[in-house]
Amino acid sequence: MRIGLVCPYAWDVPGGVQQHVGDLAEALTGMGHEVSVLAPVGDAGTAVLPDHLVPAGRPVPVPYNGSVARLSFGPRTATRVRRWISEGGFDVLHVHEPSAPSVSLLACWAADGPLVATFHTSNPRSRAMAASSRALRSATEKINGRIAVSEAARRTLVEHVGGDAVLIPNGVAVRAFEHADPLPGWPGEGGSLGFLGRLDEPRKGLAVLLDAFALMAPARPGLRLLVAGPGDREAALAGVPAGLRERVVPLGRLDDADKARAYRSADVFCAPNLGGESFGIVLTEAMASGAAIVASDIPAFSAVLEGGGAGDLFSAGDPADLAERAGALLDDPERRRALSAAARRAVRAYDWETVAADVVHVYETVLAGQGTGDGRRPGVRLDTGPRATALLRRGSV
């Protein structure tokens, strides 16, 4: 098949949806399909982009789902979306997060034919989705196949848009993580905790982990905290007591190879997220690395960790509970080994070989439902109807 994937968020800014789309594109290509990805790009002239990536325009920061999303919208972007669809010759179009006011929504308006959408957002009180529900329904009523990455994402879809979706989780390239070596000097004899996520995004929970570390550190003089991820490290770590500052080691943004090594560098990997997560890619990567995990008990994380069977859970937002559970794991190597083994077993269900095959099955089901009767695939084409034209000309929700 020739497949068009649409990502609504800026490609050159790290994020779970961007990573999902990129990994899916690689998995589909490995299966023999032809793939083109359309996404906003902040600076297409300097960004390092894969060959299959087509820039949709410069993004702008917009508050969305408890974070700041970098989206691209408006008449100029709509023109680029239409051109990409017109020239693409796609058998199926797969848009991600059409609820966001960006290129995925525009692609739904612009396209006609086999259309699949994946819903990632988990936010039962989304004012943005509620406010744009009419415009969103005008797009999603054209979708032939719906995928949700988690039960939480499916529930958000049902409550705000209606309809249902098949559950296909985010994928992880298990083999890329399972044999990584720790970073030099880690984890160390005094024990170590690890964190990976955006430093400047409060819902990732770094502040909770820093408070927990401050509770643990006095009784554990050799304990260190490894912090990896993009963002202003000075601002993020400003609240760390002066006497502990040298024991918190920020690594900044990591490439894929060093990210895999970072997971292996902690005795206990911590995921203290406060909410707004529909799945937990960071957890599956840590699981594939064989990390002993302690994570907040938000529904998405609890589901991935099998209710605590593949990693320990603490009360979200509670530094004292995190400190207690992380400390217990540091003191119990046997328990850490058991959780590591359980995590490696559980993460096999999320390997991209399995996930991509399930996605392709959705494509095939949609194409079969749109057959022409003579065995030919109908393909994706531009919607030239007056409603689609009016929506795209207006270029706003």
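If you're wondering where the values come from, they're calculated on a predicted model, not measured in any experiment. (Residues numbered from 1 in each chain as written. Predicted model: local features only at pLDDT ≥ 70, side-chain atom pairs only at ≥ 80, totals over all residues. Heavy atoms only, no water.)

**Focus on the packing of aromatic side chains**
Part 1 of the argument: Counted according to the given criterion, the structure contains 4 aromatic pairs.
Part 2 of the argument: When the ring of Trp84 is compared with that of Phe90, the centres are 4.7 Å apart and the planes differ by 50 degrees; the resulting orientation is tilted.
Part 3 of the argument: Overall, Phe90 belongs to the buried group, its relative accessible area being 1%.
Part 4 of the argument: The interplanar angle of 65 degrees and the centroid separation of 6.0 Å between the aromatic rings of Phe177 and Tyr263 together place this pair among those described as edge-to-face. Taken together, the residues span a long stretch of sequence, with Phe177 in helix α7 (residues 174-177) and Tyr263 in helix α10 (residues 256-263) at a distance of 86 residues. Summarising the burial analysis for this pair, Phe177 and Tyr263 share the class buried.
Part 5 of the argument: Through successive ring pairs, a cluster of aromatic residues spans Phe177, Tyr263 and Phe269. (Phe/Tyr/Trp six-rings, centres within 6.5 Å; stacked < 30°, edge-to-face > 60°. Buried < 20%, exposed > 50% of the residue type's maximum accessible area, 1.4 Å probe, protein only. Helix = DSSP H or I, 4+ residues; strand = E, 2+ residues; numbered from the N terminus.)

**Details of the environment of Pro98**
Part 1 of the argument: With respect to the helices and strands, Pro98 occurs in the loop between β6 (92-96) and α3 (103-110).
Part 2 of the argument: Overall, Pro98 belongs to the buried group, its relative accessible area being 0%.
Part 3 of the argument: Once the C-alpha coordinates of Pro98 and Phe119 are considered, the two residues, 21 residues apart in sequence, prove to be 7.3 Å apart.
Part 4 of the argument: In contact with Pro98, other than residues within four places in its own chain, are Ser104, Leu105, Cys108, Ala117, Thr118, Phe119, Leu136 and Ile143. (Contact = heavy atoms within 4.5 Å.)

**Regarding the packing of helix α2 (residues 75-88) against α3**
Packed helices, taken two at a time, are described by their axes: the angle between them and the distance between them.
Part 1 of the argument: Contact geometry of α2 with α3 gives a least axis separation of 9 Å together with a crossing angle of 55 degrees. The angle between the axes of α2 and α3 places the two elements in the oblique class. Taken as a pair, α2 and α3 cross one another with a handedness that is right-handed. Facing α2, whose interface residues are Thr77, Ala78, Val81, Arg82 and Ile85, α3 presents Val103, Leu106, Ala107 and Ala110.
Part 2 of the argument: Split by residue class, the contact of α2 with α3 holds 7 nonpolar, 1 polar and 1 charged. (Axes fitted to C-alpha atoms, helices over the stretch in contact; angles between N-to-C directions. Parallel < 35°, antiparallel > 145°, perpendicular 65-115°, else oblique. Left-handed = near helix turned anticlockwise from the far one by under 90°. Nonpolar A, V, L, I, M, F, W, Y, C, P; charged D, E, K, R; others polar.)

**Side note on the environment of Arg245**
Part 1 of the argument: Residue placement: Arg245 occurs in the loop between α9 (233-236) and β13 (248-252).
Part 2 of the argument: Along the chain, Arg245 and Leu215 lie 30 residues apart, while their C-alpha atoms are 14 Å from each other.
Part 3 of the argument: Every residue in contact with Arg245, bar those within four places of it in the chain, is listed here: Glu234, Leu237, Val240 and Pro250.

**Overview of the pairing of strand β2 (residues 34-39)**
Part 1 of the argument: The element β2 is largely enclosed, with a buried count of 5 among its 6 residues.
Part 2 of the argument: Note that the unit made of strand β1 (residues 2-6), helix α1 (residues 16-30) and β2 has a crossover that is right-handed.
Part 3 of the argument: Where β2 and strand β3 (residues 53-55) come together, 3 bridges link them in parallel fashion. Note on β3: the bridge partner recorded for Val37 is Leu53. (Right-handed = clockwise from strand over helix to strand, strands pointing away. Pairing = 2+ DSSP bridges.)

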